[in-house]
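Per-entry structural report
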Amino acid sequence: MITEAIVWIIAILLGITSIIMSVLNRKRFKDICLLYKEKYGDLPEVVKVFDNMNTFYVNFAYSIKMQFIFKPLLRKKSSNFTKNDDKDFIRELPKRLIGPFYLELYLTLASLAFFIIAVILILVITYGRN
């Protein structure tokens, strides 16, 4: 009982921290958008459509909007939603702008992993007693 409670608490705390990072990254996202507009003239259409979305609204829309930054950082490829070859541009931005996005992603993944572990623990404890 104690183990799964601790795992749940860790998952919730990581989830809350991820949401806080998302909110804090809004200004960095706007800064990146300004720099992108200066270099390429305009943002990808999908980014403009979902510009004011964050994790509190629609998770899917937020994910699509953030792919504009995450795909070049993680996969070294331009986003599917841009016509520009912008992967090097995003990857070469100052660390103060892109570093927190890595942290947000890792916190989200860690939170998800702990939630999955907690569910597995509960299932094992519940059904393993038979």
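Residues numbered from 1 in each chain as written. Predicted model: local features only at pLDDT ≥ 70, side-chain atom pairs only at ≥ 80, totals over all residues. Heavy atoms only, no water.

Attention shifts here to helix H5 (residues 95-127). Helix length check: H5, at 33 residues, gives a terminal C-alpha distance of 47 Å against a target of 48 Å (1.5 Å per residue), a fit within 8%. By the burial criterion, the buried members of H5 are Leu97, Ile98, Pro100, Phe101, Glu104, Leu105, Leu107, Ser111 and Ala118. (Helix = DSSP H or I, 4+ residues; strand = E, 2+ residues; numbered from the N terminus. Expected span 1.5 Å × (residues − 1). Buried < 20%, exposed > 50% of the residue type's maximum accessible area, 1.4 Å probe, protein only.)

On to the pattern of salt bridges, then. If you walk through the whole model with that rule in mind, you get two salt bridges. Between Lys27 and Asp31 there is a salt bridge whose closest N-O contact spans 3.3 Å. Within this pair, Lys27 and its partner Asp31 are both found in helix H1 (residues 2-40), separated by four residues, close to a single helical turn. Residue Asp31 is classed as partly exposed on the basis of its relative accessible area of 22%. Put simply, Asp85 and Lys87 hold a salt bridge, and the shortest N to O gap is 2.8 Å. (Salt bridge = Lys/Arg side-chain N within 4 Å of Asp/Glu carboxyl O.)

It is worth spelling out the confidence of the model for the protein at this point. Summing up the model confidence of the protein, the mean pLDDT is 85 and the portion of residues at 70 or higher is 92%. The element-level mean pLDDT for the protein is lowest in helix H2 (residues 45-49), coming to 79, with H5 highest at 91. (pLDDT = per-residue confidence, 0-100.)

So, on to H1. Relative to the 57 Å expected for 39 residues at 1.5 Å per residue, H1 spans 53 Å between its end C-alpha atoms, a close match to the ideal helical length. The largest bend in H1 is about 35 degrees, located at Asn25. Note on H1: the residue one or two positions beyond its end, Gly41, has a positive phi of about 95 degrees. (Bend = angle between axes of the 7 residues up to and from the residue.)

Turning our eyes to something else, we now look at the nonpolar core. Most often, soluble globular proteins keep nonpolar side chains buried together rather than apart. If you look at the biggest cluster of nonpolar residues, it comprises 19 residues, and the most contacted ones within it are Phe29, Ile32, Met66, Phe68, Ile69, Ile90 and Phe101. Mapped by element, the contributors of at least two residues to this core are H1, helix H3 (59-75), helix H4 (87-91) and H5. Leaving out residues up to four positions away in the same chain, Phe68 has contacts with Phe29, Ile32, Cys33, Tyr36, Leu43, Pro44, Val47, Ser79, Asp86 and Ile90. (Core = buried A, V, L, I, M, F, W, Y, C linked by side-chain atoms within 4.5 Å. Contact = heavy atoms within 4.5 Å.)

On to the packing of aromatic side chains. This structure, assessed with the given rule, holds eight aromatic pairs. On the basis of an interplanar angle of 80 degrees and a centroid distance of 6.2 Å, the ring pair of Phe29 and Phe68 is categorised as edge-to-face. Within this pair, whereas Phe29 is found in helix H1, its partner Phe68 is found in helix H3, the two being separated by 39 residues in sequence. For Phe29, a relative accessible area of 2% translates into the label buried. Here Tyr36 and Tyr40 contribute two aromatic rings whose centre-to-centre distance is 4.7 Å and whose plane-to-plane angle is 40 degrees, an arrangement assigned as tilted. Taken as a pair, Tyr36 and Tyr40 lie in helix H1 at a separation of four residues, close to a single helical turn. (Phe/Tyr/Trp six-rings, centres within 6.5 Å; stacked < 30°, edge-to-face > 60°.)

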